[in-house]
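Per-entry structural report
Each chain, letter by letter, is given below.
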Amino acid sequence: LQLLLPRFLTGIASGVIIVLGESWITGGAAGKNRATLTGIYASAFTGCQLAGPLLISAGADYQIWVLLAVVGLTAACLLMLRHLPSGSRESLSERASWRSLGAFLPVLASGVFCFAFFDASILALLPLYGMDKGLNEAMAVLLVTIVLTGDAFFQAPLGWVADKFGIRRVHLSCAAVFCLALVALPFLLASPVQLIVGCLILGAAAGALYTLSLVRAGKTFSGQKLIMINALLGFFWSAGSVAGPVVSSLLISVSGYDGLLVTLLACGVLFLLIQCLGKTETALLANERQDRDADVQTETA
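Residues numbered from 1 in each chain as written. Predicted model: local features only at pLDDT ≥ 70, side-chain atom pairs only at ≥ 80, totals over all residues. Heavy atoms only, no water.

1. As for the environment of V144
- Position of V144 among the secondary structure elements: in helix α5 (residues 137-165).
- Residues V144 and L123, 21 residues apart in the sequence, show an inter-C-alpha distance of 6.2 Å.
- With residues up to four places along the chain from it excluded, the contact list for V144 reads I122, L123, L126 and P127. (Helix = DSSP H or I, 4+ residues; strand = E, 2+ residues; numbered from the N terminus. Contact = heavy atoms within 4.5 Å.)

2. Examining the packing of helix α6 (residues 167-184) against helix α9 (residues 258-277)
- Running from N to C, α6 and α9 point in directions that differ by 160°, and their axes come no closer than 9 Å. One way to sum up the angle between α6 and α9 is to call them roughly antiparallel. Considering only the axes of α6 and α9, their crossing is left-handed. Contacts between α6 and α9 involve R168, H171, L172, A175, A176, F178, C179, L182 and V183 from the first element and L261, L264, L265, G268, V269, F271, L272, Q275 and C276 from the second.
- In terms of residue class, the contact of α6 with α9 is built from 14 nonpolar, three polar and one charged. (Axes fitted to C-alpha atoms, helices over the stretch in contact; angles between N-to-C directions. Parallel < 35°, antiparallel > 145°, perpendicular 65-115°, else oblique. Left-handed = near helix turned anticlockwise from the far one by under 90°. Nonpolar A, V, L, I, M, F, W, Y, C, P; charged D, E, K, R; others polar.)

3. Overview of the packing of aromatic side chains
- Applying the stated rule across the entire model yields nine aromatic pairs.
- Here F104 and F221 contribute two aromatic rings whose centre-to-centre distance is 6.3 Å and whose plane-to-plane angle is 45°, an arrangement assigned as tilted. Linking F104 in helix α4 (residues 98-132) with F221 in the loop between α7 (192-220) and α8 (223-255), this pair joins segments that are 117 residues apart in sequence. Comparing F104 with F221 shows no difference in burial state: the two are buried.
- Both rings, one in F118 and one in F178, keep their centres 5.4 Å apart while their planes meet at 80°; by these two values the pair is edge-to-face. Here the residue F118 occupies a position in helix α4, and F178 occupies one in helix α6, the gap between them amounting to 60 residues.
- Through a chain of ring-to-ring contacts, the aromatic side chains of F115, F118, F178, Y210 and W237 assemble into a single cluster. (Phe/Tyr/Trp six-rings, centres within 6.5 Å; stacked < 30°, edge-to-face > 60°. Buried < 20%, exposed > 50% of the residue type's maximum accessible area, 1.4 Å probe, protein only.)

4. Quick notes on α5
- Under the 1.5 Å per step criterion, the end-to-end length of α5 is 41 Å for 29 residues, consistent within 8% with the ideal 42 Å.
- Where α5 bends most, the angle comes to about 45°, and this point is F154, followed within four residues by the proline P157.
- Near the N-terminus of α5, the side chain that reaches the backbone nitrogen of A138, with its oxygen 3.2 Å away, is that of N136.
- Positive phi shows up at G166, right after α5, with a value of about 110°. (Expected span 1.5 Å × (residues − 1). Bend = angle between axes of the 7 residues up to and from the residue. Polar contact = N/O pair within 3.5 Å; in protein donor to acceptor, adjacent residues only side chain to side chain.)

5. Comments concerning the confidence of the model for the protein chain
- Chain-level statistics for the protein chain give a pLDDT mean of 84 and a share of 84% at 70 or above.
- Averaged over each element, pLDDT in the protein chain is lowest for helix α10 (residues 281-300) (61) and highest for α6 (96). (pLDDT = per-residue confidence, 0-100.)

6. What to know about the pattern of salt bridges
- Evaluated as defined, the whole model comprises two salt bridges.
- In this structure, D132 and K133 form a salt bridge, with 4.0 Å as the shortest nitrogen-oxygen distance.
- Residue D132 is classed as partly exposed on the basis of its relative accessible area of 43%.
- What makes K133 partly exposed here is its relative accessible area of 32%. (Salt bridge = Lys/Arg side-chain N within 4 Å of Asp/Glu carboxyl O.)

Encoded structure:
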């Protein structure tokens, strides 16, 4: 009970830091390297998520050192933030209207929701799925670490590929790989090597759904709109994290542990449908230019 308030305040502060940090990274990164830099951020973010539980599991004798390491790292980050250059007018320039924010939100939110849904479901249920399919307990638990390792190590390379070959194209390709990896997973259980490779690919593709959604947000919006869209994406992250284990567990109770993969596959297919039916960045900005030209012509007349 004594830790309730500190944990609550830590959660609020962490949420604000994440929203503002992602807005700064995606909005301030150079256009030709935007996806690469965002991928580095996503890799660092996931790497810290992996490192945290490992530090805690080190044992009571090391807890004070872990606490000091976290405090020292936080202090170093604060010093770096003090020396950041202030945002220029150009970096906060208008790129899209408030109306377009709502039109483009489903395209971005679907990627964040899908990854959060996947992430929470995998953490809670993948070891149970593995043991149900005959894996020993150690290997079944290890699958989660392998998936998260794929997420952590491949975001920067995938970001580089997206910068070279097109962000939306790579985003859709990663979604297709995500769905194919889920379909292939049951056939890889007989071979530990193939299973590890499949889980690495699955984690990398799933992480890219989130990373490239952030990149596309920074490419389309700026300033207050970018902060608003990232705050909304944080809401969809929370919704996906809550819905994932609940929905997956319900389907597992009906159809067995294969229901976990069916649920995740359905989420990936839904993401692809939204991407195909939703507005692209090019169409969105073209409509913005047409609206501005029409307003100029009206004022001139």
